[in-house]
Every structure is written in C-alpha cells, then in structure tokens.
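Residue strings, one per chain:
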Amino acid sequence: MPTIRPPAVAGSFYPAEPQALRDDIARCFALARSAPPEPGGRLPKLLVVPHAGTIYSGPIAASGYATLAAAARHGQVSRVVLLGPAHRVPVRGLAAPTVDAFASPLGEVPLDAEALASLDDLPQVERSDFAHALEHSLEVQLPFLQQVLGDGFTLVPLVVGDARPGEVAQVLERLWGGDETLVLISSDLSHYLRYDEARRSDQATIERLLALDGGLAPDDACGARALNGALLMARQRGLRPRLLDLRNSGDTAGDHRRVVGYAALAFDAPPEPEPERAQTCDEAIAAAERALGAAAFAIARNAIAEALGENVMDEPPHPVLDTPLACFVSLHSADGELRGCVGRLEPEHLLRDALRVNACAAAFRDSRFPPLAADEWQGLQIEVSLLGPLQPLPACDEAEALAAMRPGEDGLVLSWRDQRAVLLPQVWEQLPAPGAFLAALKHKAGLRSHFWDDDVRLERFEVRHYGGSA
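Conventions adopted
- Residues numbered from 1 in each chain as written.
- Predicted model: local features only at pLDDT ≥ 70, side-chain atom pairs only at ≥ 80, totals over all residues.
- Heavy atoms only, no water.
- Helix = DSSP H or I, 4+ residues; strand = E, 2+ residues; numbered from the N terminus.
- Contact = heavy atoms within 4.5 Å.
- Buried < 20%, exposed > 50% of the residue type's maximum accessible area, 1.4 Å probe, protein only.
- Arc of directions from axis to C-beta.
- Patch = residues over 30% accessible without salt bridge, like charges linked within 9 Å, V, L, I, M, F, W, Y side chains within 5 Å.
- Areas by Shrake-Rupley, 256 points an atom, 1.4 Å probe, with all protein chains shown as cover.
- Salt bridge = Lys/Arg side-chain N within 4 Å of Asp/Glu carboxyl O.
- Lys, Arg positive; Asp, Glu negative; His and termini not counted.
- Charge placed at Lys NZ, Arg CZ, Asp CG, Glu CD.
- Core = buried A, V, L, I, M, F, W, Y, C linked by side-chain atoms within 4.5 Å.
- Pairing = 2+ DSSP bridges.

Asks: So, the environment of Pro218: which residues are in play, and what are the values?
Replies: Within the element layout of this structure, Pro218 appears in the loop between helix 8 (195-210) and helix 9 (224-237). The contact partners of Pro218, leaving out residues within four places of it in the chain, are Ala224 and Arg225.

Okay, structure coming up:
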C-alpha cells in the first residue's frame, strides 16, 4: 500500500471541506494582483509565494500562481520542486520525506521518488517524515498547485533547516530539469512589526531579492535559507526576477499593530540562449563573495585611513552594506601580530556604519593596545568578519559540546553567569583540536580549562571573512 502524508493544517490554515476549499482558492484568485505574462506565454522557472493561512496570504500567493494559470498550458509543468522553511522540527540541512504522496482535501499528489533518490548521496539531505508531518509551509501550497496544474504533476518536497546557500543550490542544481520543472520557494517576509515598519522592512528585502542578493537573514524572510540558495541558482542560470505582489496581513485580514509580510515573485529564464558554459555554483559563490568582500574591506580601511590622514580608496556599492549585520574588524601588524580586534555579536547598525565604528575602535580604542600610529599604516593587515546569527550548540555536557563543534567553521560564544567570551572561526587555524579551542574560549572568559557547569551556554555562528593590506 502506498504511504501518504495526510493534511496537518486543513481546517486551520485553509478549509478542510473540498468545495469550501475550492471556493476559498477562487476567492484568493479574485483578490490577486494580475501581472502581464512573459512574452510568448513562457512560464516562470521559479516562483516565490507566501505560506500563511489563506485568509491572510492567499491573495498574494494567488498572484504568483496566476502566472501559471494565465499561461493556459496545463500539462507543461509535470514536476514541482517545493522548498519551505522548517517551523516545527530542527533540521540540519534539508529533509526529504519517504512517503509516496502528499494529500490535501482536493486529493493526493504523488512524489517523484526517482528525483528524491537522486539526493540520497548528498550529506546535507536527510530522510525524515517527522520533519514533514506538521510542516505547513509546504502543505498550504498543495491546493493552489492542484487548482492550476490539475492532476498531472509530481512533487519533490523539501524542508529546509540550517543549510548554507551552496548546499541548497547543489540540491536545486540536481533537480533543475527543463521546462517541465517548476521550482517553488515558500516564504513569508517580516514578522510581527507595526504596519509602516513592516512595509519599509519588506520593501528593502524585495529590493535585495530583485538584485539577486543571497545574503538574507531569517528576520528578513522566514524562508531565508531556501531563498538564498535559490537566488544563487537564479544568478547562475541568468534568471530575471519580477515582483508580482507585495502586501502584508494588515492589507488582507489582520490589524496594523503586528503584521506579517508577504510577497510573490517570478523568476523568468532569459530569452536569449544560455552561454555555452554556465557558471558553476562554486564560481557564483566566489564572485558574490569577492564583491561583498571588496566593498566591506574598503569601508573598514577608509575609516582608519581618514583618521590617520592617509589616502582613501573607492568604495564599491553593495546592497548588503545597507542591511543590519553583525561584524568584527581585526588588525594585524606587518609582522603578523594582533594589533586590535573589536566587534559585536548582534547587529546594532547598518553594516556600512558598523564597519566604520568597529574599524576605528580596533585601531584606536582596543584597551589591549596603544592607539594605532601613522607609521604603522604601511603593511597593516585589515580583516573584516561578517557574522551569521547565533545558534545554540546542541549539548548537554562538555563531551557532547566537543562532538557538536565544527572545526574550521564555527565561531563560538561561551556564557556562564556574567562571564562571556567569543572566538572567531579563524582561531581554528591556531587551535585545530576542539578541546584546545574550547579551553582557549574558557580561558578568555576567565574560567579554568577543565571547568564545566550545567549553566554553561554555548552558541555558534558562521563567519564570512575578507582581508587585505592597507
């Protein structure tokens, strides 16, 4: 007998009775915002749609699905690769189900077992029906897909947890296919801001999506990790984004005091033939990193140069500079000795402002060193570290903590009562063993190397770091 993942949120996120659900979907399409179809009636390759209850986000989702219905080509899309964030169960990487089909009140949708099996050798993909059992971000898309595509499609559903953009992009690259495959990303935008604040925040996020900027954080969009990987693929494949709808729950069915943002976007394949050799995921990541690194380094360098009266360099623009992001700035003398390091673990300013503040503080206000002098400028090494969000390290005791650490990748924060210390991932170069790394972290917090207590709290974060000589 085939195994079925039954509906989990029918009757709460959308009607459970089939005819009531069809009527509700029809209402959503009536309230959707229409967008002109692509020339030649081409279908978008990638869609971004929200995933709240249909009373809140349904009309915005319908604005995205209308691009499929308007093309009047039922049967052209025979497979949907659907990615959404994990809300209920922690997931490292991506979770694929083992069942044969997903069900909604409108019927069953068979899964593409062969496509799912093609991912089994990827270390970032696990098989977990538990991760899918209560997850609404994927389920709420089924009635819309069934309405516009009918019965002639299969589904490749993936719950995205703690996954890097390259890990998501590698999965999408295997599943990309041709015109028969639609990639669908399920994501809301900001959560629980006041109406006007949410509109400003969501507009900034949309501008980054339209610029194919894959540096989104969960505060920007709850599906940020899936979106970042999809944006990487969009850059690699030359897709062209267009905004179809941008509203929030205050525009549909909620009050204005605490709203959730929703958007629908289509990403269209370029009309011209693709180049003979498409840029690989690794090349796309490297190009994006170089652009952000050059911009961040220039701002940090110029902040110190201006204070010393030295020449400044051009500061290339980058959209990430105008978003809140935590960062550190580290300085090393020409002979490699540490000369200053200052930063914050949580974003307090726009990145461009945080870089200037931390660069000057590292140069002139790090209490461990005298202020930087003009004769130290030549040969000074400046390193910028951009921090990802803090995440608890899953550990009940020190042995579990050591086993959970990822040498070379994790920055770590240790907190115990009023004592706290942080080590950037770069420190793994000097202390490659987890035991030595943790001992150094304890020492920095003023604790003995063998100290452990049930109240010790460890958090990890990832870092993108860039550097150069002044």
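Anyway, onward from the coordinates.
Asks: Run through helix 14 (residues 434-444), naming residues and quoting values.
Replies: Those residues of helix 14 lying buried are Phe437, Leu438, Leu441 and Lys442. Across the axial projection of helix 14, the buried residues extend over an arc of 135°, all falling on one side. On its buried face, helix 14 is in contact with helix 13 (398-404), strand 17 (411-416), strand 18 (419-423) and strand 19 (457-461).

Asks: Now, about a negative patch on the surface: what can you tell me, with residues and values included?
Replies: On the surface, a cluster of negative charge is made up of Asp397, Glu400, Asp454 and Asp455. Assignment of secondary structure puts Asp455 in the loop between helix 14 and strand 19.

Asks: Now, about the nonpolar core: what can you tell me, with residues and values included?
Replies: If you look at the biggest cluster of nonpolar residues, it comprises 83 residues, and the most contacted ones within it are Val80 and Leu83. Examining the composition of this core, we find that eight residues originate from one element, helix 9, more than from any other. If near-sequence neighbours (up to four positions away) are discounted, Val80 is found in contact with Leu145, Leu149, Phe153, Thr154, Leu155, Val156, Leu182 and Leu184. Counting 32 residues, the second-largest nonpolar core is a separate cluster that includes Ala295, Ile304, Val329 and Cys360.

Asks: Quick rundown of the sheet that holds strand 6 (residues 107-110)? Include the residues and the values.
Replies: Strand order in this open sheet of three strands is 1-5-6, and the pairing throughout is mixed. Of all strands in the sheet, those with a lone pairing partner are strand 1 (4-5) and strand 6, marking the two edges. Bridge count for strand 5 (residues 101-104) against strand 6 is four bridges, and the pairing is antiparallel. Looking at the pairing, Ala103 lines up with Glu108 of strand 6.

In short, geometric facts, not functional conclusions.
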